[in-house]
2 protein chains.
Amino acid sequence: SLHRIKASGLKLQLCTNETQATRENFVKKLRALGFDISVAEVTAPAPAACRLLKERGLRPHLLVHDDLVPEFAEIDKTNPNCVVLGDAAENFTYANLNEAFRLLIGMEKPVLISLGKGRYYKETDGLKLDVGAYMKALEYACDVQAEVVGKPAKTFFESALAELGVPPEQAIMIGDDIVSDVGGAQQCGMRALQVRTGKYRPSDENHPEVKPDAYVNNLAEAVDIILQQL
Amino acid sequence: SLHRIKASGLKLQLCTNETQATRENFVKKLRALGFDISVAEVTAPAPAACRLLKERGLRPHLLVHDDLVPEFAEIDKTNPNCVVLGDAAENFTYANLNEAFRLLIGMEKPVLISLGKGRYYKETDGLKLDVGAYMKALEYACDVQAEVVGKPAKTFFESALAELGVPPEQAIMIGDDIVSDVGGAQQCGMRALQVRTGKYRPSDENHPEVKPDAYVNNLAEAVDIILQQL
């Protein structure tokens, strides 16, 4: 399906909330699986956070996965004036959480940037708490509201559109997550299709707030429809 | 001051949110400091939780401080159907949090009982996240609301009154925490004095929701006033 999109001349951007690996490693994995994808075709929370940090002159303390740290290589991290939170997994220790908390509570106006707000996810050895749970813990302790830079944040989709160089009304999001993918893209002015695969649940079709522009059974069908309408 | 209250014939109950030690050890510490206090004179979250567990036939998975575990000695903990959360300190590991989460999310109707909802506290080596932060993390991940059994929960003050054997209108709470002590006791129908020591902050006197029945400079002054009015 990706190949057919590219062959048609349409532009393509992959939007992921992956924060346990750099885009380089994420793309390496996809290429190993046979997908013809480059790093420039991937929008992910960490680069979006880096742009935000640079724009606002913020120096982060990172509480993220070891494998994500290289994404912040060019960011000044001395004398931190904000905390960037990702899915730190094994780095979510009592000591590390207290350290991030102390930095935040010591700021006149605490700035907490979260790379996502997922509740949990499944790995081969079972369900794991996602970054959103730890975000809520720090929000409550510091009485602040985190700034979320992953999907469904508007800024995230704006970044993807900027990479594509197209206005929102000329872009279509295809995703399996009714809130993060469909809702986020629509709030940004894009149309959005929900695939009935992956995270999709029949109950999504009764979602109280988000309604996709259309449902498709899978990615291949989404591509069929889009190419027919060109 | 405690001695003067007891000598007057008034009944006394200490209400603490301590969840890092059994009442036995808590009382041992106070006695070593010269206070004439017995275990029966202490109301604490863990015994309140035990009463609730027994009443509702709940079998807890404990995520609490090692030193608190003996308080749950007589509770059936096999095949857990709820999670009891305390200030687990070093036991707040990534693995332990995921374990508690998995148990909750696997329940048809998750039951999360929290021994408090404090945001943070200070120890000699710095500020620490309190149980409330971890409660918020699990609440968000499981989409549940925890039942809080420590102060300011109404059931907590009802337990203390039951121990004393007096109705709320014949009891006075003296405390330094505007919300947990004063607000909690008043919601239970008691009168409450705030001492201008300990956690007290001048800004408490402009609290948007809670207004003590009176302010006193310290515990000794509170006892003076109470004994004068007998």
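A quick note: this is a predicted structure, and the numbers were derived from the prediction, not measured.

**Details of the sheet that holds strand β10 (residues 191-195) of chain A**
All names here are of chain A.
Part 1: The strand order across the open sheet formed by three strands is β9-β10-β11, and the pairing between neighbours is parallel. Both edges of this open sheet fall to β9 (172-175) and β11 (214-216), since each of them pairs with a single strand only. On average, each strand axis in the sheet is tilted by 25° relative to the strand beside it, whichever way the strands run.
Part 2: Strands in contact with helix α7 (residues 178-187) are β9 and β10; relative to β10, the strand with the most contacts, it is inclined by about 165°.

**Re the relation of the copies chain B and chain A**
Part 1: Least-squares fitting of chain B to chain A yields an RMSD of 0.1 Å, with the transformation described by 0.0 Å of translation along the axis and a rotation of 180°. Both copies are brought into coincidence by an operation consistent with a two-fold rotation axis.

**A short note on the pattern of salt bridges**
Residue and element names in this part refer to chain B.
Part 1: Evaluation of the coordinates by the stated rule reveals 22 salt bridges over all chains.
Part 2: In this structure, Glu 147 engages Arg 56 in a salt bridge whose closest nitrogen and oxygen atoms are separated by 2.7 Å. Residue Glu 147 is found in strand β8 (residues 147-148), and its partner Arg 56 is found in helix α3 (residues 45-56); the two are separated by 91 residues along the sequence.
Part 3: The class of Glu 147 is partly exposed, set by a relative accessible area of 27%.
Part 4: The class for Arg 56 is partly exposed, based on a relative accessible area of 42%.
Part 5: In this structure, the salt-bridge partner of Arg 196 is Glu 205, at a minimum N-O distance of 2.8 Å.
Part 6: Residue classification places Glu 205 among the partly exposed residues on the basis of a relative accessible area of 25%.

**Some points on the sheet that holds strand β4 (residues 82-85) of chain B**
All names here are of chain B.
Part 1: Spatial ordering of the open sheet is given by β3-β4-β5-β8, a layout of four strands whose pairing is parallel. Looking at which strands have only one partner, the edges of the open sheet turn out to be β3 (60-63) and β8.
Part 2: Sheet strands in contact with helix α5 (residues 131-142) are β4, β5 (112-114) and β8, and its direction is about 170° off that of β5.

**A short note on the domain arrangement of chain A**
Part 1: In terms of domains, chain A is made up of domain 1 (1-14 + 167-229) and domain 2 (45-148).
Part 2: A separation of 29 Å is found between the C-alpha centroids of domain 1 of chain A and domain 2 of chain A.

**Considering helix α6 (residues 154-164) of chain A**
Residue and element names in this part refer to chain A.
Part 1: Of all the residues in α6, the buried ones are Phe 156, Phe 157, Ser 159, Ala 160, Leu 161 and Leu 164.
Part 2: On its buried face, α6 is in contact with β1 (14-15), β2 (42-43), α3 (45-55), β9 and α7.
Part 3: Count one or two residues on from α6 and you reach Gly 165, which has phi positive near 70°.

**Overview of the interface of chain B and chain A**
Part 1: With 29 residues of chain B at the contact, the number on the chain A side is 29 residues.
Part 2: When chain B packs against chain A, the two sides together hide about 2600 Å² of surface, and 65% of this comes from carbon and sulfur.
Part 3: On the chain B side of the interface with chain A, the three residues burying the most area are Tyr 94, Leu 129 and Tyr 140 of chain B, jointly 32% of the side's total.
Part 4: Viewed at the interface, chain A and chain B are joined by zero salt bridges.
Part 5: Our count for the chain B to chain A interface comes out at 10 residue pairs in polar contact (both at pLDDT 80 or more).
Part 6: Residue assignment for the side of chain B that touches chain A shows that the elements contributing at least two residues are α4 (94-105), β6 (120-123), β7 (126-129) and α5 of chain B.

What counts and how
- Residues numbered from 1 in each chain as written.
- Chains lettered and ligands numbered in written order.
- Predicted model: local features only at pLDDT ≥ 70, side-chain atom pairs only at ≥ 80, totals over all residues.
- Heavy atoms only, no water.
- Pairing = 2+ DSSP bridges.
- Helix = DSSP H or I, 4+ residues; strand = E, 2+ residues; numbered from the N terminus.
- Axes fitted to C-alpha atoms, helices over the stretch in contact; angles between N-to-C directions.
- Contact = heavy atoms within 4.5 Å.
- Least-squares fit on C-alpha atoms with pLDDT ≥ 70 in both.
- Salt bridge = Lys/Arg side-chain N within 4 Å of Asp/Glu carboxyl O.
- Buried < 20%, exposed > 50% of the residue type's maximum accessible area, 1.4 Å probe, protein only.
- Domains from an automatic or database assignment.
- Buried area = accessible area lost by both parts, 1.4 Å probe.
- Polar contact = N/O pair within 3.5 Å; in protein donor to acceptor, adjacent residues only side chain to side chain.

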